[in-house]
Structure formats: C-alpha cells, structure tokens
Amino acid sequence: MQYNPGWNNSSVNLLHVRAVGPSDTLHYIWSSIGAPAVLLVATESRTSSLGINWTQLLSSAPAGYSEAQTLEELFYPTYDLSDFSWDSVNHTLNHTALMAEFTGTPAADPSGSFSNGSLAFRVTAYEASGRDRPLPSLLHTANSSKVEFVLAGVAPRGNSSQFVLEVATVEETGVVQKLRSARSIDDEYTPTIFEVSHWGGRPSMSGFLQWKATAYGSQTPRREDNIQCRSRGLQAANWTLPVSSVVRAYFGEGVGSTYTVSAINISFGGEDGKVYQEKRYLSWSALLGFGQPPKDTFSPLVISIMAVALGTPMGMLLVGSCLVLLAQRKRYSEYEPIN
C-alpha cells in the first residue's frame, strides 16, 4: 500500500494498492481527488508499476451534476462528492490490517446536515481468501478488495427521507455490463438476508462489484441493525457525472464516447426511514475485484445439519418398514401351511 506515491503533500488523497500474483499484478488506485473513485487495472506482468504525472493529475477540476434526471422531483439536491473536503488518508493508513479510510464533509453545508457528521469510504485489501467477521460477512479472495460506505451523524433533510448512493463504472466499449441478483435459501453468514447482487461484465475479462442486499445501522452490526438496501436498474449514464481526476487521467477525454459509462442508484432504508433516524449511522459494504466473483456455498455445518434433518426421517422409515415385515413374517410362521 502506497499513499500519494511521488508526491510529498497530504492535501490530496491517492492510495495505491498493488497485489502481485504468480504471473500478473492487480492495481487498485483509490482517490478522493474530485469525486471519490477507484481505478482497477490488471496487468500480465509481476513487475508493472504505477506512474503518476501529478502536475497533470491535479490540473483539471471539472465537477457538477445534471439536474435533468428521471423523477427529479422526488430528490433533494444531491451532495456532489467532488465538492467535498477530504481528510488525509495517511492518518488512517494501516499497513498491518491493509486498511485505509477516506473521510469527507461538504465544503459548503447550508442545511447544516453535516454539522455533526461525516461521510467515509473505508478500503480493505486482502492477501488471501477468507470471510469477513463483521456483518455482512462478505466472502473474498486475494483478487478482491472491500469498500465500505459509511454515514455517521449526518442529519436527514426530511422526516421520512432516504439516502441514495449513485455508483458509476467506466469500461471499454463492447464490454456488456449486467446487474444480476441471486437468491439463496442459506442465510448462515448474513442472517435474514437471502439476496446477493453482482454488477460486472464477462467474468474472465472485467472487474466486478458484489454486495448483499443490506446495510447496517451500527458500528458493531447485529441482525437487528439491518437497514433495507435496494438497487435500481442499471442505466447508461448519459447525464453529467461528478468528475474524478484519476478516471479522467487514465481514460482521457473519451469517457462517455470511447468508453461506456454505466450507473445505478442504491437506496438505503424503508419508506419511513426510522432505522437511520434513530441511530444516525449507516454502513454498506461491497466487494470490488477482477475476474470471477466469489460464490457462497453451504458450509460443512449446514450440510451436516441438512443431512441429519433429511436422513433421520428416512432412516426411521426404513427401520420401521423392516420391523413391520419381520413382525408379519414371525406371525405367519406359527401356523402350518394349508395345502
């Protein structure tokens, strides 16, 4: 993990995570220069490195949302994350746990919603396969990283308002983006949650974003802290998005024409918004990676329980049938056969 490589100034944030495999390298470039973004690059070399032209990277600062969006009348004015002021990531960088945090507040806050609150993106890298202990207990591999979206102490702007996060991706033209939802009867690792969403292109050639259909209203989440999470349909982002410097620096001016930009809205909370109103805390986790996303399977414990649950009645039925047959045979054997 490298913080602002080649730049001795903490007024901006860029975190480079480099994961080296047997014959390739994954690069995650997380940044809050402009709108928060992560750039995922897979190279077929163990020696590939990141080079940054800092003068060029910091020279452009376009920003803004289009106000002509569907159902605009249902939304409060958006928080443009490219206008946020971000704390130094260097203070939160943990090389042992492979974690860092981007924490920001609006540069201007007329409503005072952020007077006692903040927005953060927590980043975690992984060295091996495993499963997170805190809920939602995401399954991960060494080819993935986790991002956690956190709202803490932010006041809603209405009595029944919800928070909605817009997430956008940039891909080369020709990569077909799809949003899939899979349901399972197994909620062993995330109680009461049976749905997993997956957003990505062809598994062997592109990145993916994966999450469970839940958020939580506590720093130490439990089942009762569950906050409903919904993802709206995937759309081509033909409106103006907040500009991220690392995205523009890597893809150039062809974003939206040479490259495909897709976006979804992810909303948190029920119609009354009571869970967040009470606790003023929201945490949503997603897995970002390259290739095939990890897939949950039944654990040996669940398989054993199912085997016992299904096998015991069958065993009892089989034993009972044998006893009935033996009893009938013994009863008829007491009489002489009649010719």
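Nothing here was measured: the structure is a model prediction, and the numbers come from that model. (Residues numbered from 1 in each chain as written. Predicted model: local features only at pLDDT ≥ 70, side-chain atom pairs only at ≥ 80, totals over all residues. Heavy atoms only, no water.)

Caption draft 1: Just the pattern of salt bridges, in detail. Going through the model one piece at a time under the given rule, you end up with 6 salt bridges. Among the ionic pairs, Arg 122 bridges to Glu 101, the shortest N-O distance being 3.0 Å. A residue pair is termed long-range when its members are at least 10 positions apart, and Arg 122 in strand 7 (residues 118-125) and Glu 101 in strand 6 (residues 99-106) qualify at 21 residues. Here Arg 122 falls in the partly exposed class, since its relative accessible area comes to 23%. Take Glu 101: its relative accessible area is 22%, and that puts it in the partly exposed class. Salt-bridge contacts for Asp 225 lead to Arg 222; the nearest nitrogen and oxygen are separated by 3.7 Å. Since its relative accessible area comes to 1%, Asp 225 is described here as buried. The partly exposed category is assigned to Arg 222, whose relative accessible area is 48%. Ionic contacts of the salt-bridge type, sharing partners, join the residues Arg 222, Glu 224, Asp 225 and Lys 279 into one network. (Salt bridge = Lys/Arg side-chain N within 4 Å of Asp/Glu carboxyl O. Helix = DSSP H or I, 4+ residues; strand = E, 2+ residues; numbered from the N terminus. Buried < 20%, exposed > 50% of the residue type's maximum accessible area, 1.4 Å probe, protein only.)

Caption draft 2: Structural context of the environment of Asp 87. Tracing the sequence through the fold places Asp 87 in the loop between strand 5 (84-86) and strand 6. Given the relative accessible area of 46%, Asp 87 is considered partly exposed. In the structure, Asp 87 is positioned 16 residues away from Thr 103 in sequence and 5.6 Å away in space, judged by C-alpha atoms. Apart from residues no more than four positions distant in its own chain, Asp 87 is found in contact with Asn 13 and Thr 103. (Contact = heavy atoms within 4.5 Å.)

Caption draft 3: Quick look at the sheet that holds strand 1 (residues 2-3). Spatially, the 4 strands line up as an open sheet ordered 1-2-3-4, and their pairing is antiparallel. With one partner strand each, in any of the chains shown, strand 1 and strand 4 (37-43) form the two edges of the open sheet. Inspection of the sheet shows strand 3 (residues 25-31) paired to strand 4 by 7 bridges, in the antiparallel sense. Looking across to strand 4, one finds that His 27 is bridged to Val 41. (Pairing = 2+ DSSP bridges.)

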